[in-house]
Amino acid sequence: MDNIDRLREKMKENKVDMYLVTSDDFHGSEFTGKYFKTREYLSGFTGSAGILIVTMTDAALWTDGRYYLQAEDELKNTQIRLFKDGMPGVETYISYIYNNLKENMTLGFDGRCIMASTIIAIKKHFQMLGINIRINGEMDLAGEIWKDRPKLPNAKAFVLDKKYTGEDATDKIKRLRLEMNKHNSSYHVICSLDDICWLLNIRGRDIDFCPLVMSFLIVSQENIWIFVNNNKIENIREYLNDIGVLIRPYEDIYNAASNIEVQNDSNIMCDLSKLNYRLYNSIKNNRILNIPNPTTDMKSIKNDVELENIKLAHIKDAIAYVRFLMWFEDNKTKCPTELEVATALLKQRQQMEDFLEESFESIVAYGENGAIVHYSPFTKDNNTKLDKKSLVLIDTGGHYLNGTTDITRTLVCGELTPQEKKDFTLVLKGNLSLSNVRIPKGITGVSLDAIARAPIWKEGRDFNHGTGHGVGYLLNVHEGPQNISFRTGRRNVAFKAGMLTSNEPGIYIKGSYGIRLENLMFCKEFKENNDFLEFETVTMVPFDVRAIDYDLLSDEELRYLNEYHDSVVENLAPYLNKEETVFLKKYINR
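Bear in mind the structure is a predicted one, so any value in this text is a computation, not a measurement.

1. Considerations on the packing of aromatic side chains
Between two aromatic rings, the relevant description is the distance of the centres plus the angle of the planes. All told, the structure shown has 23 aromatic pairs when counted by the stated rule. Taking the centre distance of 6.1 Å and the plane angle of 45° together, the rings of Phe324 and Phe328 count as tilted. Residue Phe324 and its partner Phe328 are located together in helix H15 (residues 304-331), separated by four residues, close to a single helical turn. Among the residues examined, Phe324 registers a relative accessible area of 0% and is labelled buried. In textbook terms, an aromatic cluster arises when at least three aromatic residues are bridged by ring pairs, as seen for Trp62, Phe83, Tyr93 and Tyr96. Positioned over the ring face of Tyr35 is Arg149, at 3.8 Å from the centre of the ring. Its end group placed over the ring of Trp198, Lys172 keeps NZ or CZ at 4.1 Å from the ring centre.

2. Some details on the pairing of strand E8 (residues 185-190)
A large share of E8 lies buried, amounting to five of its six residues. Both E8 and strand E13 (residues 267-270) contribute to a ladder of three bridges, which runs parallel. The residue of E13 that forms the bridge with Tyr187 is Ile268.

3. Remarks on unusual backbone geometry
Apart from glycine, the bulk of residues carry a negative phi angle, and the bulk of peptide bonds sit in the trans form. Here the amide bond leading from Gly480 into Pro481 is cis, since omega sits at 15°, within 30 degrees of zero. The phi dihedral of Lys15 falls on the positive side, at around 55°, and the residue is not glycine. You can see Lys15 is positioned in the loop between helix H1 (2-13) and strand E1 (18-21). Judged by its relative accessible area of 69%, Lys15 falls in the exposed class. Unusually for a residue other than glycine, Asn184 sits at a positive phi of about 55°.

Thresholds, definitions, all that
- Residues numbered from 1 in each chain as written.
- Predicted model: local features only at pLDDT ≥ 70, side-chain atom pairs only at ≥ 80, totals over all residues.
- Heavy atoms only, no water.
- Phe/Tyr/Trp six-rings, centres within 6.5 Å; stacked < 30°, edge-to-face > 60°.
- Helix = DSSP H or I, 4+ residues; strand = E, 2+ residues; numbered from the N terminus.
- Buried < 20%, exposed > 50% of the residue type's maximum accessible area, 1.4 Å probe, protein only.
- Lys NZ or Arg CZ within 6 Å of the ring centre and 35° of its normal.
- Pairing = 2+ DSSP bridges.

Here you go:
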């Protein structure tokens, strides 16, 4: 609360009545560098998603279902009120702003760290009501009080070869310009890092768990400019020149954008949900076409080269995981800590060819910690020792040059209760059902979600996160536009062949345990009827069969499980030694 009090002093000095703090960086990234952890600095809440609002008399934080329990714990000794976003009857942060900003009051925020669409909607609301409020997006008040704030990231970029991408950057740029032509766009301004890196076939190390390069991009029909710190790209300058990219300093983006002038009836194309508010203000005097970045949809459809690489990445990941499972079976009776488990798995991945880094911070959650959806053993006061009973939930992933993995397994630590086995089996039923579904083209994730939840809903249970998210190719582990969720806050797009998506139902019992089983799968055409789509699972790691109540599985579900495990053995056996192969076969037949 000391930091909140210092913020209020700055608010008073600047005549700000309400200050808004998001979790975003300048690019709207899900994971951000330490420089951008202002919400965490002010509130103490360490989750990756959350909104903080501070007034002179109140402080409130909103977060989603992944972080309810974590936020309750981390905010319990503060005066910050927790709002569980998405729960029935809970006021949203937007509604809070609407209900608490009055005539001539000022809303302050750092306009570089909030997306334009949010502020535009807020302004329109008050205009419709005839209420005059002041919007000031030039205020980094949190930064003014954060004396030892970390520096901006400054890692080197690298080029991702065509043998991994399957398509040259010049061809991608041509495709983008064709889309610009369709929409009569003279310019396209891109703020989101995954779109930029995908388009140019570059990657970097500016953000933990996301191999991205902090940069902005402006594309015209004749030129393309990247705004990036020079020392990041000295080693790839020649490559950028060869593909026709002009290099400008990172901080020049706002001035350059303000100097854009479109002619006649043409426009500037941009995605206001992925464009920061300050950048929007720099171009808003032009005609703006607000549509999703075409690159977002383009990169969601993996080409044949990418798909083959992704399969290889998952085989590498599965080899590492099998070796980890051998370690786990040998060591679980010694009651290792959650952090020791995470470290053991990471060590196995690090030995695999083309491994770069984890794709997100490892979640290893024993017993009651498993009920905290995004629990971290790396947080202060965590790191529980496993015991010879119950379950441990392990959600991890890796970035390889061949692609990105994301897998959750819930492992048996010892004796299980009948209810633990029942819940594990319900989650498994949901996972198997979704993996083996066939759908007519045009179906969205809203419809798919019910397939995975049905066995869990039947028992009067549910889980507070989506069932599936899109996955990028060595970009973001969470990447749209596709998703599997009945909560339709995001774009509700139809599934298409080539999309890589997670399948991760779960059950979480507060104070007891959590269960989640996650595979990645890609969408493909059903050979017997091209009007239909089906899924192929690329994750090749066995389930812990000791947690299954086989009486709850139908004959069809048992067949699905056996077919999956047969596929795991078939794909991994050529790469395993004799001892590892014997272990794997025994593991799935206990």
